[in-house]
Amino acid sequence: MTDSIMSKAATMEIPINSNGDTGTLPEDDSLEQDLQQVMVSGPNLNETSIVSGGYGGAAEGIIPTSSIKGPAVRYNAEFNKRIPVKGLGSNMHHSSSSSSMMAEEATRGVAVEKLETVKKWGLNTYKCTKQMISERFGRGSRTVDLELEAQIEVLRDTKRKYENVLRLARALTNHFYNMVQTQHALGDTFADLSQKSPELRDEFGYNAETQKLLCKNGETLLGAVNFFVSSINTLVNKTMEDTLMTIKMYESARLEFDAYRSDLEELSLGPRDAVAMARIEAAQQQYQVQKDKYERLRSDVIIKLKFLEENKVKVMHKQLLLFHNAISAYFAGNQEQLEQTLKQFNIKLRPPGADKPSWLEEQ
């Protein structure tokens, strides 16, 4: 009896007429329309039925599916809008907003860092400029190392003189190269005339041999002079220049050190309240940093000046001996001594035409 009562109650909840249509409830109408739009056709469903009532209900509640025809599936945008999807949109929005916030924070951090760097640079430049002007007008004090500054001045004067030697040696090389080329052309001309002038064959022949010998000795001397020029160039434009770059860094550190030292002295003469004491403590820290940097670069300059002097003496002793022996042997006409000089200093001459590319490189 209980089953019959529940069957009747279930049957009464969804009234169906004799044609299988539901009642006039708006919810049922919309459900049926959606079912007709989504499930409209497919495999043969003649044996399938939809029962509106409970088990044991009346036969009027059976809807035959053979009456439903049409394509298998049809998309309905309005139906999809009725199904809410919870959590997906909020999570996507939260992740995108968090990523954008992280990007903004990173950009803001980089901007703040750059701003602090520019601020420190501007403050340091202002203090150094103020110190430089004070020194130039004789109002400010500067740290002086008389012995070191004397060595630096000697180095700069030595560099200027060596640059003059290098310029003159290059000029000598160019002039001598042109002379050797002229001797070579003159020897070829004498040799050609000795073949075409029978009455002066011997005279032209002697001169041709002499010019060829001078040309050969001249090429040997050019090898020695080029080696001399290359060594002087390395000494002046690399070794001395490297030391002078360290000296420039040392002088810049000296100026910064004096600028922060003067700043600390001015603050020490002022009031001693809480704000002033904080500024004095910060200035003391900056002063210590600049002092350490100044002393480190000063030590580097002293070491480099010492090694530069030793290297300069060694290099110039060798190069001046080479230059003297090569020039003396050439103008004395001593070919053997000239060649021996090149062997002594391990100088190898390039064979004629070595500067020209090979036929394979030309291809």
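The shown structure was predicted, so the numbers you read here are calculated from the model rather than taken from an experiment.

*Asks:* Account for the overall build of the chain, with residues named and values stated.
*Replies:* The number of helices and strands found in the chain is nine helices and two strands. Listing every helix and strand of the chain by position from the N terminus yields α-α-β-β-α-α-α-α-α-α-α. Scored against the burial criterion, the 363 residues of the chain give a buried share of 24%. For the chain, the proportion of contacts with a sequence separation of at least 24, taken over those separated by at least 6, is 77%. Put simply, the chain shows about 26,200 Å² of open surface, and 58% of that area lies on carbon and sulfur atoms.

*Asks:* Residue-level account of the side chain of T158, with values.
*Replies:* Examined against the element boundaries, T158 turns out to sit in helix α5 (residues 146-196). The exposure class assigned to T158 is buried, which follows from its relative accessible area of 15%. From its side chain, T158 meets the backbone oxygen of V154 in a polar contact 2.8 Å long.

*Asks:* Tell me about helix α7 (residues 274-331), residues and numbers included.
*Replies:* When the terminal C-alpha atoms of α7 are compared, their 83 Å separation across 58 residues agrees well with the 86 Å that a helix rising 1.5 Å per residue should span. Just downstream of α7 lies G333, where phi reads positive at about 75°.

*Asks:* Any details on the pattern of salt bridges? Residues and values, ideally.
*Replies:* One pass over the structure, following the stated rule, counts 14 salt bridges. The partner of K196 in a salt bridge is D192, and the shortest N-O contact between them spans 3.4 Å. With K196 and D192 both in helix α5 and four residues apart, the pair spans about one turn of that helix. Classification of K196 as exposed rests on a relative accessible area of 62%. Put simply, D258 and R254 hold a salt bridge, and the shortest N to O gap is 2.6 Å.

*Asks:* Quick rundown of the side chain of S231? Include the residues and the values.
*Replies:* Here S231 is to be found in helix α6 (residues 201-268). Exposure remark for S231: the relative accessible area of 15% places this residue in the buried category.

*Asks:* How would you summarise the packing of α5 against α7 if you had to cite specific residues and measurements?
*Replies:* Here α5 crosses α7 at 25°, and the two axes come no closer than 12 Å. Taken together, the axes of α5 and α7 are roughly parallel relative to one another. For the pair α5 and α7, the crossing hand works out as left-handed. Along its contact with α5, which presents L148, Q151, I152, L155, T158, Y162, L172, F176, M179 and Q183, the element α7 presents R298, V301, I302, L305, L308, K312, M316, F323 and Y330. A class-by-class count of the residues in the contact of α5 with α7 yields 14 nonpolar, three polar and two charged.

*Asks:* Break down the packing of aromatic side chains for me, citing the residues and quoting the values.
*Replies:* Under the definition given, this model contains seven aromatic pairs. Aromatic rings pair up to connect Y250, F257, Y287 and Y294 into one cluster.

*Asks:* I'd love a proper account of the packing of α7 against helix α8 (residues 335-344), names of residues and values included.
*Replies:* Running from N to C, α7 and α8 cross one another at 160°; their axes reach a closest spacing of 8 Å. Considered as vectors, α7 and α8 are oriented roughly antiparallel to each other. Taken as a pair, α7 and α8 cross one another with a handedness that is left-handed. Taken together, the residues of α8 that come into contact with α7 (itself represented by L321, L322, N325, A326, A329 and Y330) are Q337, L338, T341 and Q344. Its residues assigned to classes, the contact of α7 with α8 shows six nonpolar, four polar and no charged.

*Asks:* Explain unusual backbone geometry to me, using residue names and the numbers behind them.
*Replies:* Although it is not a glycine, N346 adopts a positive phi angle of roughly 55°. Residue position: N346 is located in the loop between α8 and α9 (359-362). The exposure class assigned to N346 is exposed, which follows from its relative accessible area of 69%.

*Asks:* How would you explain the nonpolar core if you had to name every residue and give the values?
*Replies:* Core analysis: the largest hydrophobic core is formed by 42 residues, its most contacted members being I152, L155, I247, Y250, V301 and L305. Put simply, the parts of the chain that give this core at least two residues each are α5, α6, α7 and α8. Among the elements that make up this core, the one with the highest residue count is α6 (17 residues). Excluding residues within four positions of it along the chain, V301 makes contact with L148, I152, T246, I247 and Y250.

*Asks:* Give a description of the confidence of the model for the chain that names residues and reports values.
*Replies:* Averaged over all residues, the pLDDT of the chain is 76; the fraction at 70 or higher stands at 70%. The secondary structure element of the chain with the lowest average pLDDT is strand β1 (residues 49-51), at 40, and the one with the highest is α5, at 94. Confidence over residues 1-27 falls short of pLDDT 50; this stretch has 21 contacts with residues more than four positions distant or in other chains.

The rules we used
- Residue numbers here run from 1 along each chain, matching the order of that chain's written sequence.
- Local features in this predicted model are restricted to residues of pLDDT 70 or higher, and side-chain atom pairs are both shown and tallied only at a pLDDT of 80 or more, whereas totals for entire chains, interfaces and linings draw on every residue.
- Hydrogens and water are ignored here; the side-chain numbers use all heavy atoms of the structure.
- Where helices and strands are cited, they refer to DSSP runs of H or I of at least four residues and of E of at least two residues respectively, numbered from the N terminus.
- A simple rule labels every residue: compare its accessible area, found with a 1.4 Å probe on the protein chains alone, to the largest value its type can have, and call it buried under 20%, exposed over 50%, or partly exposed in between.
- We call two residues contacting when some pair of their heavy atoms lies within 4.5 Å.
- Exposure was quantified through the Shrake-Rupley algorithm and a 1.4 Å probe, taking into account, for residues, occlusion by the shown protein chains and nothing else.
- Here a polar contact is recorded for every N or O atom pair within 3.5 Å, except that within protein the pair must consist of a potential hydrogen donor and a potential acceptor, and residues adjacent in sequence are included only if both atoms are side-chain atoms.
- By this rule, a helix spans an expected 1.5 Å times one less than how many residues it contains.
- A carboxyl oxygen of Asp or Glu within 4 Å of a side-chain nitrogen of Lys or Arg is what we treat as a salt bridge.
- With axes taken as lines fitted to C-alpha atoms, and helix axes fitted only over the stretch in contact, angles between N-to-C directions fall between 0 and 180 degrees.
- With respect to orientation, any angle under 35 degrees is reported as roughly parallel, any angle over 145 as roughly antiparallel, any angle of 65 to 115 as roughly perpendicular, and every other angle as oblique.
- Whether a crossing is left-handed or right-handed is set by the direction in which the near helix is turned from the far one by less than a right angle, anticlockwise for left-handed and clockwise for right-handed.
- For this classification, the nonpolar set comprises Ala, Val, Leu, Ile, Met, Phe, Trp, Tyr, Cys and Pro, the charged set comprises Asp, Glu, Lys and Arg, and every other residue, Gly included, is treated as polar.
- Pairing of aromatic rings covers Phe, Tyr and Trp, the last counted by its six-membered ring, and requires centre-to-centre distances within 6.5 Å; plane angles under 30 degrees mean stacked, over 60 mean edge-to-face, and any other angle means tilted.
- Here, the term nonpolar core denotes a set of buried Ala, Val, Leu, Ile, Met, Phe, Trp, Tyr and Cys residues that are joined through side-chain atoms within 4.5 Å.
- Values of pLDDT, which run from 0 to 100, indicate the predictor's confidence residue by residue.

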